[in-house]
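One letter stands for each residue in the lines below.
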Amino acid sequence: MLPPELPPLPALTRAEGELIDRYLDVVDLVGRINPAHPGDTYRGLRAAQALVGKAAELRDALALMHRRGETELHSSTLERALRVLDGERRTARVTLPARSDS
């Protein structure tokens, strides 16, 4: 059986698409660094090293939008794009897990 088809991405400018992609790259790396999740220090170190470059790419995407006159973020459209691209699961790795003490 085939998995359900994902909804289509909303129409984005190229710069908005770049912003979403770079934002999710940063979120994925911060999730790998999160000390509240199991893992080893080497994995966190590698993610932290990569974060520097990805943060610069995110900055550049926002700067490009600003230079092009795209001075406002259309949050409802960008939120839909994030949801289609599994943003809820990916950003959940950045937060603290639910308490397990009873």
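What you see is a predicted model; the values in this text were computed from it and never measured.

Engineer: Can you walk me through the overall build of the protein in this structure?
Structural biologist: Helix and strand content of the protein: four helices and zero strands. The linear arrangement of helices and strands in the protein, starting from the amino end, is α-α-α-α. What you see for the protein is a C-alpha radius of gyration of 16 Å, clearly larger than the 13 Å of a compact globule of 102 residues, by over 25%. Once the C-alpha set of the protein is aligned to its principal axes, its extents read approximately 50 × 40 × 30 Å. With 102 residues in all, the protein has 25% of them scored as buried. If you take every contact in the protein between residues at least 6 apart in sequence, the share linking residues at least 24 apart comes to 84%. Carbon together with sulfur atoms contributes 58% to the accessible area of the protein, which is approximately 7600 Å² in total. Taken as two groups, the 15 positive and 15 negative side-chain charges of the protein have centres that lie 4 Å from each other.

Engineer: Explain helix α3 (residues 75-84) to me, please; I cannot follow it from the model alone.
Structural biologist: Because an α-helix completes one turn every 3.6 residues, residues spaced three or four positions apart along the sequence face the same direction. Within the span of α3, buried status applies to Thr 77, Leu 78, Ala 81 and Val 84. Along α3, the residues classed as buried sweep out an arc of 120 degrees about the axis, all on the same side. Buried residues along α3 sit against α1 (14-33).

Engineer: How do you make sense of the side chain of Glu 16 when you look at a structure like this?
Structural biologist: In this structure, Glu 16 sits in helix α1. Among buried charged residues, Glu 16 stands out as having no salt bridge; its nearest opposite-charge side chain is Arg 68, 9.4 Å away. There is a polar contact of 2.9 Å between the side chain of Glu 16 and the backbone nitrogen of Thr 13. Here Glu 16 is in contact with Ala 11, Met 65, Glu 70, His 74 and Leu 78, once residues within four sequence places are set aside.

Rules behind the numbers
- Residues numbered from 1 in each chain as written.
- Predicted model: local features only at pLDDT ≥ 70, side-chain atom pairs only at ≥ 80, totals over all residues.
- Heavy atoms only, no water.
- Helix = DSSP H or I, 4+ residues; strand = E, 2+ residues; numbered from the N terminus.
- Rg over C-alpha atoms; globule rule 2.2 N^0.38 Å.
- Buried < 20%, exposed > 50% of the residue type's maximum accessible area, 1.4 Å probe, protein only.
- Contact = heavy atoms within 4.5 Å.
- Areas by Shrake-Rupley, 256 points an atom, 1.4 Å probe, with all protein chains shown as cover.
- Lys, Arg positive; Asp, Glu negative; His and termini not counted.
- Charge placed at Lys NZ, Arg CZ, Asp CG, Glu CD.
- Arc of directions from axis to C-beta.
- Salt bridge = Lys/Arg side-chain N within 4 Å of Asp/Glu carboxyl O.
- Polar contact = N/O pair within 3.5 Å; in protein donor to acceptor, adjacent residues only side chain to side chain.

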